[in-house]
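Each chain is listed here by its residues.
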Amino acid sequence: MQQDLELAPSRPGLRIESEKKKNKKQPFPKGIKPHGEVVSLKGDVLETGKHNMAIISGFFSMEVNIRERAGARVRIPSTKEEGSIVGPFGKAGKCKVAFPEGISAETGTKA
């Protein structure tokens, strides 16, 4: 099947641009980093032998108010365990993270 179609002549200087989808990740605010390190394990030991609280450093600088970030999710990539930030720990930018099912990661593990 052959159709006789004529396209409109091209006009120099005009171009139809499709709308670009914004698929960029939002950058982290100043003083907040996307990764940290488990410094110590705290809290009660669950029946599974895991602790329910961890102290993590490296997420925040000293200038950031960690209380504003309470409730943010934290994931340990090596064990795929998830927790949430409870609040600050000390004055050096460390934070307490609660893990409802416990954390089996050792100290020094990347978060």
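Here the structure is a predicted model, which is why all the values come from computation and not from measurement.

The rules behind the values
- Residues numbered from 1 in each chain as written.
- Predicted model: local features only at pLDDT ≥ 70, side-chain atom pairs only at ≥ 80, totals over all residues.
- Heavy atoms only, no water.
- Salt bridge = Lys/Arg side-chain N within 4 Å of Asp/Glu carboxyl O.
- Helix = DSSP H or I, 4+ residues; strand = E, 2+ residues; numbered from the N terminus.
- Buried < 20%, exposed > 50% of the residue type's maximum accessible area, 1.4 Å probe, protein only.
- Core = buried A, V, L, I, M, F, W, Y, C linked by side-chain atoms within 4.5 Å.
- Contact = heavy atoms within 4.5 Å.
- Pairing = 2+ DSSP bridges.

## A few points about the pattern of salt bridges
The final tally for this structure, using the stated rule, is three salt bridges. Residues Lys50 and Glu81 are paired through a salt bridge, measuring 3.6 Å at the closest nitrogen-oxygen approach. In this pair, Lys50 is assigned in the loop between strand S1 (37–45) and strand S2 (51–57) and Glu81 in strand S4 (residues 81–89), connecting sequence segments 31 residues apart. Given a relative accessible area of 25%, Lys50 falls into the partly exposed group. Assessed through its relative accessible area of 10%, Glu81 is described here as buried. Of the charged contacts in the structure, one is a salt bridge between Arg73 and Glu82, with a shortest N-O distance of 3.8 Å. Owing to a relative accessible area of 69%, Arg73 belongs among the exposed residues under this scheme. Relative accessible area serves as the criterion here: at 38%, Glu82 is assigned to the partly exposed category.

## Points about the nonpolar core
Formed by 17 residues in total, the largest nonpolar core has its most connected members in Ile56, Phe60 and Cys95. Taken together, the elements giving at least two residues each to this core come down to S2, strand S3 (73–76) and strand S5 (94–103). It is S5 that provides the largest number of residues to this core, a total of four residues. Residues in contact with Cys95, not counting those within four places in the same chain, are Ala54, Ile55, Ile56, Phe59, Phe60, Ile66, Ile85, Gly87, Pro88 and Phe89.

## Digging into the pairing of S4
Direction of pairing for S3 relative to S4: antiparallel, over a ladder of four bridges. Bridged to Arg73 within S4 is Ser84. Connecting the antiparallel pair S3 and S4 is a turn made up of four residues, with Lys80 showing a positive phi of about 60°. Taken together, the five bridges between S4 and S5 define a ladder with antiparallel strand orientation.

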